Amino acid sequence: MALDYSKIFTRYDLKVTSKQSETKILVEDQDLQEIMDIVIRGETSSMAGALERTLNRKEPQEIIYRALIPAMEYVSRLWDENVYYLPQTLNASDAMQVGIEICEQKMGGSMEKKGLIITHTAEGDIHDLGQKIVNALLRAQGYEVLDLGCDVPVEQVVDAVKQHRPVMLTGTAGMSTNMEAFRRIAEKLSEAGLEIPFACGGGGGVSRTYITSFDLGVYGRDAAEAPPMAGDACSGLCWKEIRQKYNQ
Ligand code: B12
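As the structure is a computational prediction, the values presented were derived from the model and not from experiment.

Peer 1: Looking at this structure, I do not really get the site of the ligand. What am I missing?
Peer 2: Taken together, 34 residues lie around the ligand, and Ile-126, His-127, Asp-128, Thr-172 and Ser-176 are the ones closest in. A distance of 2.8 Å separates a nitrogen atom of the ligand from a polar atom in the side chain of Thr-172. Separating an oxygen atom of the ligand from a backbone N or O atom of Ser-176 is a distance of 2.9 Å. Cavity membership is defined here by more than half of the atoms lying within 2 Å of grid points; on that basis the ligand lies in the largest pocket. Those elements that place two or more of their residues in the shell around the ligand are helix 4 (60-80), helix 5 (86-107), helix 6 (129-140), strand 3 (168-173) and strand 4 (198-202). A class-by-class count of the residues in the shell around the ligand yields 13 nonpolar, 16 polar and 5 charged. Two domains share the shell around the ligand, each providing at least three of its residues, namely domain 1 (24-107) and domain 2 (116-246).

Okay, structure coming up:
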């Protein structure tokens, strides 16, 4: 007799009940709603199939902006309301991560590389979904991206900039306690005479006021700002001019 392993291996403590993840209708579009539900319920294994169907009808950017990001905003609300705890939130972010990767592959990117951008998530911080979206959008616009990953020590970021000389550096942080790493990186880069724009964004306490309180810092509210900022850096605008343009 064939055993049904799916029931044996189900972690019922982590399983999101339909009541917990009741999303009502968040968007009218059924395809996008399906992707949102997959993120909200953390059903990572269903993501590839659902996206395969949806990517025949929709652009990857639309899926990121109208399904993946709003779904994570909804998860954030469930977290804030103590409906979701770490396991459910982690499952949701895993599902979103798979979604971003598939959309990124679909977006491709032009053959001609426009310039090198180094991206990272702050020392001590593993909230890297924003960084992954930044990577995907930059690559789709033809920028070469060196992804240093998450929880990257300050010294490692500075060394990477010294070694690879990118046109721009980006930083993402989810926790206010970690964003101080951005200031330390900026100070070390200035000391070394590497005055490149350092575009920083994220949740928690990462704010325009904080990021523009130190030299090189340019605040990014939305990942979609990363490609035009990179474009300006490639055109020769310095960090002060880029800050003035985006952080007025
Ligand atoms: C998902 C999540 C997690 C996941 C992270 C998974 C992952 N791979 O990222 C998991 C479950 C692992 C997690 C763990 C923890 N988390 Co958490 N988490 C969240 C949650 C619910 C959503 C964050 C998220 O991914 N948002 C979606 C992404 C897309 O948004 P984003 O990163 O901000 O990026 C957007 C913009 O900021 C911008 N952007 C970002 N970077 C850049 C860069 C550039 C250049 C530009 C232009 C734009 C840009 O573009 C993006 C949109 O387009 C938030 C709640 C919230 N309200 O934010 C808490 C939250 C961030 N977590 C929090 C905490 C406290 C923790 C834990 C300490 C919990 C614990 N007790 O263990 C751990 C810490 C782990 C660590 N050391 O980092 C707190 C932080 C509080 C604070 N103010 O410091 C929050 C705010 C929840 C809360 N209200 O308490 N978490």
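Having seen it, we continue.
Peer 1: How should I be thinking about the pairing of strand 2 (residues 144-147) in this particular structure?
Peer 2: Looking along a regular strand, one sees side chains alternate from face to face of the sheet. Relative to strand 2, strand 1 (residues 116-121) runs parallel, the two being bridged by 4 bridges. Within the sheet, the bridge partner assigned to Thr-119 lies in strand 2 and is Asp-147. Read as a crossover between parallel neighbours, the route from strand 1 over helix 6 to strand 2 is right-handed.

Peer 1: Can you help me understand the sheet that holds strand 3 in this one?
Peer 2: What links the strands of a sheet is backbone hydrogen bonding, and the strands pair in either a parallel or an antiparallel sense. Taken in spatial order, the 5 strands make up an open sheet running 2-1-3-4-5, and their pairing is parallel. Looking at strand neighbours, the two that pair on one side only are strand 2 and strand 5 (217-219), the edges of this open sheet. Sheet twist, expressed as the mean angle between neighbouring strand axes with direction ignored, is 25 degrees. By the bridge criterion, 5 bridges tie strand 3 to strand 4 in an arrangement that is parallel. In the sheet register, Gly-171 faces strand 4, and the bridge partner there is Cys-200. Most of the contacts of helix 10 (residues 226-234) go to strand 3, to which it runs at about 155 degrees, and overall it touches strand 1, strand 3, strand 4 and strand 5.

Peer 1: Whenever I open this one, the coordination of the cobalt atom of the ligand confuses me. Can you help?
Peer 2: Looking at the cobalt atom of the ligand, one finds just one donor atom contributed by the protein, His-127 (NE2), at 2.2 Å. Structurally, the position occupied by His-127 is in the loop between strand 1 and helix 6.

Peer 1: Honestly, the pattern of salt bridges in this entry has me stumped. Any pointers?
Peer 2: A side chain of one charge can pair with a side chain of the opposite charge when the charged atoms of the two come close. The full count for this structure, using the stated rule, is 11 salt bridges. Here Glu-62 makes a salt bridge to Arg-66, at a shortest N to O gap of 2.6 Å. Of the two residues, Glu-62 and Arg-66 both sit in helix 4, 4 residues apart, roughly one turn of that helix. For Glu-62, a relative accessible area of 26% puts it in the partly exposed group. A residue is classified by how much of its surface remains accessible, and Arg-66, at 38% relative accessible area, is partly exposed. Of the charged contacts in the structure, one is a salt bridge between Arg-139 and Glu-104, with a shortest N-O distance of 2.7 Å. Taken together, the residues span a long stretch of sequence, with Arg-139 in helix 6 and Glu-104 in helix 5 at a distance of 35 residues. The partly exposed category is assigned to Arg-139, whose relative accessible area is 25%. Via salt bridges that share partners, Asp-29, Asp-31, Arg-57 and Lys-58 belong to a single interconnected network.

Peer 1: Hey, could you run me through the pairing of strand 1 in this one?
Peer 2: The buried count for strand 1 comes to 6 of 6 residues, which makes it a mostly enclosed element. Of the two faces of strand 1, the one holding Leu-116, Ile-118 and His-120 and the one holding Ile-117, Thr-119 and Thr-121 are both buried throughout. Bridge count between strand 1 and strand 3: 5 bridges; the pairing is parallel. Within strand 3, the position partnered with Thr-119 by the bridge is Thr-170.

What counts and how
Every chain is numbered on its own, with residues counted from 1 as its sequence reads. Per-residue local features of the predicted model are confined to residues with pLDDT of at least 70, and side-chain atom pairs are confined, for both listing and counting, to 80 or more; whole-chain, interface and lining totals are unaffected and use all residues. The side-chain quantities take in all heavy atoms of the structure and omit both hydrogens and water. For this purpose, a residue is taken to be near a molecule or strand whenever a single non-hydrogen atom of the residue falls within 4 Å of it. We define a polar contact as two N or O atoms separated by no more than 3.5 Å, with the added condition that, inside protein, one atom must be a possible hydrogen donor and the other a possible acceptor, whereas residues neighbouring each other in sequence contribute only through side-chain atom pairs. Grid points spaced at 1 Å over the protein atoms alone were grouped into cavities, where a 1.4 Å probe fits but cannot get out, and pockets, open sets with protein on both sides within 12 Å along at least five of seven lines, with lining residues defined by an atom within 4 Å of a point. Any molecule with more than half of its atoms within 2 Å of a cavity's or pocket's grid points is counted as sitting in it. Labels follow the DSSP assignment, with helices taken as runs of H or I lasting at least four residues and strands as runs of E lasting at least two, numbered in each case from the N terminus. Each residue is assigned to one class: nonpolar for Ala, Val, Leu, Ile, Met, Phe, Trp, Tyr, Cys and Pro, charged for Asp, Glu, Lys and Arg, and polar for all the others, Gly among them. The split into domains, and so the bounds of each, comes from an automatic or database assignment of domains. Here, any two strands with at least 2 DSSP bridges between them count as paired. Every crossover in which the path from the first strand over the helix to the second runs clockwise, viewed with the strands pointing away from the viewer, is termed right-handed. Inter-axis angles, ranging from 0 to 180 degrees, are taken between N-to-C directions of lines fitted to C-alpha atoms, where helices are fitted over the stretch in contact. Contact definition: two residues touch when any of their heavy atoms are within 4.5 Å. Each metal's donors comprise the N, O and S atoms found within 2.8 Å of it (within 3.2 Å for Na, K or Ca). Water is not part of the atom list, so some coordination spheres may appear incomplete. Salt bridges, as used here, are contacts in which a Lys or Arg side-chain nitrogen is within 4 Å of a carboxyl oxygen on Asp or Glu. Accessible area is worked out with a 1.4 Å probe on protein chains only. A residue is then buried under 20% of its type maximum, exposed over 50%, and partly exposed in between.

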